[in-house]
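# Summary of structural features
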Amino acid sequence: MTIELLTAPLPRGSLIPSSYSDAEIEAESRRLQRVIKQPVKWNLSTCRAIAPLTLEINQLKRENDVFLIAHSYQTPDIIYGVADSVADSYALSKEARDAPQQTILFSSVRFMAETAKIVSPHKVVLHPSPEAGCSLSDGITARDVRDLKEAYPGVPVACYINTSAAVKAECDVCVTSSNYLSICERLPGERLIFVPDRFMGKHLQSALAGKKEVIVFDGECEVHAIFTGDKIRSWRKRTAELGMELMVLSHPECDADVLEESDFVGSSEVLINEALRLASEGKRDLMLITECGTADRVIAESDEELNLIGACVMCRHMKVTQLEDILQALREPRSEQVIEIESAVIERAGNCLDEMFRLAE
Ligand code: 13P
Ligand code: SF4
């Protein structure tokens, strides 16, 4: 993981984009700069360098009827330059399921693209960066879940969506950061196995204390594990001395002491909406305890001048994908960029996701 870079990612030069007129490039560069709303980091010369890529990607999407969805942690050139929809993992899995287009390009990490394939097996799902993993989904195998089931026979297993298709196939219900508390509370029995996030597992243990015993796996998100309650306390003290009323918004993949120090906890999308709501009410001193893409979206989507305090942390997996990877996958996808999952796994993992939709809707 890396603390956010001060410069925007420039094209690597691995592809030659189609040629567009100077006028088209100028108009697209200005559009990009206007929508991203970070004129120093995403200056006009950077936007001019990426404009031919966004122009060709948008053209190929139209010609081939591709629905391009992106997670909020993707870079702003992807989110505001080429994505048709941007949201958290729950909303994006529903959009992948319901989209009328027969080709979906998922700009994000592998488990999210796999989830899109599980919920819409008849569609072609393209994933531009097959190497883009996640410390949570890469830290647990189907064998680990089978071992837990053997150790605790008959106990329902809930998995966080940040898991591979093979792991989902072993579980009873999938959950996301926007619904894990409500879904786990509704599961039958007095015990529950929760995989793989130990911090979310710990939140569940507190929330369900006295009602359910929660058996927790030992995974963590390498990005959200970095934040500490001490850091927040020290920022609160420093900002209070300057007369600011700091509002702290955190993602539930953080440890319990972080959540205790926070004013608000939610999924990536819920955090963005809350930050925008607070800003519209004049509460502009905000601390976003999560991946840097959340701040990029709040900046782009807020009409207010914001004071974002503290440093965000960048997810190296989410940031692997660049516009060139998307363009290459749209032009001529390599076999590993087309998601393929065994039909038996799709069926069992699909049941796990269907159960989530049933309990969440
Ligand atoms: P969200 O569902 O909140 O988008 O979380 C996904 C994720 O990977 C956060 O690190
Ligand atoms: Fe995985 Fe954490 Fe990156 Fe989300 S931020 S994709 S949980 S490593």
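The structure presented is a predicted model; accordingly, all values stated were derived computationally and were not measured. (Residues numbered from 1 in each chain as written. Chains lettered and ligands numbered in written order. Predicted model: local features only at pLDDT ≥ 70, side-chain atom pairs only at ≥ 80, totals over all residues. Heavy atoms only, no water.)

### A look at the sheet that holds strand β4 (residues 103-107)
To keep it simple, the criterion reads: Only strands joined by at least two bridges in the DSSP assignment are considered to pair. Helix and strand assignments follow DSSP, with helices taken as H or I runs no shorter than four residues and strands as E runs no shorter than two, numbered in order from the N terminus. What counts as an axis is a line fitted to C-alpha atoms, over the stretch in contact for a helix, and the angles between N-to-C directions run from 0 to 180 degrees.
On the basis of which strands lie adjacent, the open sheet formed by 4 strands has the order β3-β2-β4-β5 and parallel pairing. The open sheet is flanked by β3 (85-87) and β5 (124-126), the only strands paired with a single partner. On average, each strand axis in the sheet is inclined to that of its neighbour by 25°, with strand direction left out of account. Here 3 bridges tie strand β2 (residues 66-71) to β3, and the two strands are oriented parallel to one another. The residue bridging I69 from the neighbouring strand is S85, located in β3.

### Remarks on the site of ligand 2
What counts here: Being near a molecule or strand, for a residue, means having at least one of its heavy atoms within 4 Å of it. Cavity: a set of points on a 1 Å grid over the protein atoms alone where a 1.4 Å probe fits but cannot get out. Pocket: an open set with protein on both sides within 12 Å along at least five of seven lines, its lining residues, like those of a cavity, having an atom within 4 Å of a point. Cavity and pocket membership follows a simple rule, namely that a molecule belongs there if more than half of its atoms are within 2 Å of the grid points. When residues are sorted by character, Ala, Val, Leu, Ile, Met, Phe, Trp, Tyr, Cys and Pro go into the nonpolar class, Asp, Glu, Lys and Arg into the charged class, and all the rest, Gly among them, into the polar class.
If you check the shell around ligand 2, you find Y73, C134, S135, L136, N162, C221, V223, E253, C315, H317 and M318 and nothing else. With respect to the pocket detection grid, ligand 2 is positioned in the largest cavity. Here the residues of the shell around ligand 2 sort into 7 nonpolar, 3 polar and 1 charged.

### A closer look at the packing of helix α12 (residues 268-280) against helix α13 (residues 292-301)
Basically, it comes down to this: Any angle that falls under 35 degrees is termed roughly parallel, while one over 145 is termed roughly antiparallel, one within 65 to 115 roughly perpendicular, and all others oblique. Take the far helix as your reference; a near helix turned counterclockwise from it by less than a right angle gives a left-handed crossing, and one turned clockwise gives a right-handed crossing. Contacts are residue-level and defined by heavy atoms, with any inter-residue pair within 4.5 Å sufficient.
The geometry of α12 relative to α13 is characterised by a closest axis approach of 10 Å and an angle of 40° between their N-to-C directions. Of the possible angle classes, the one that applies to α12 and α13 is oblique. By crossing handedness, the relation of α12 to α13 is classed as right-handed. Here S268, E269, L271, I272, A275 and L276 of α12 come into contact with α13, specifically with T294, R297, V298 and E301. Residues that form the contact of α12 with α13 fall into these classes: 5 nonpolar, 2 polar and 3 charged.

These results come straight from atomic positions and should not be treated as a statement about function.
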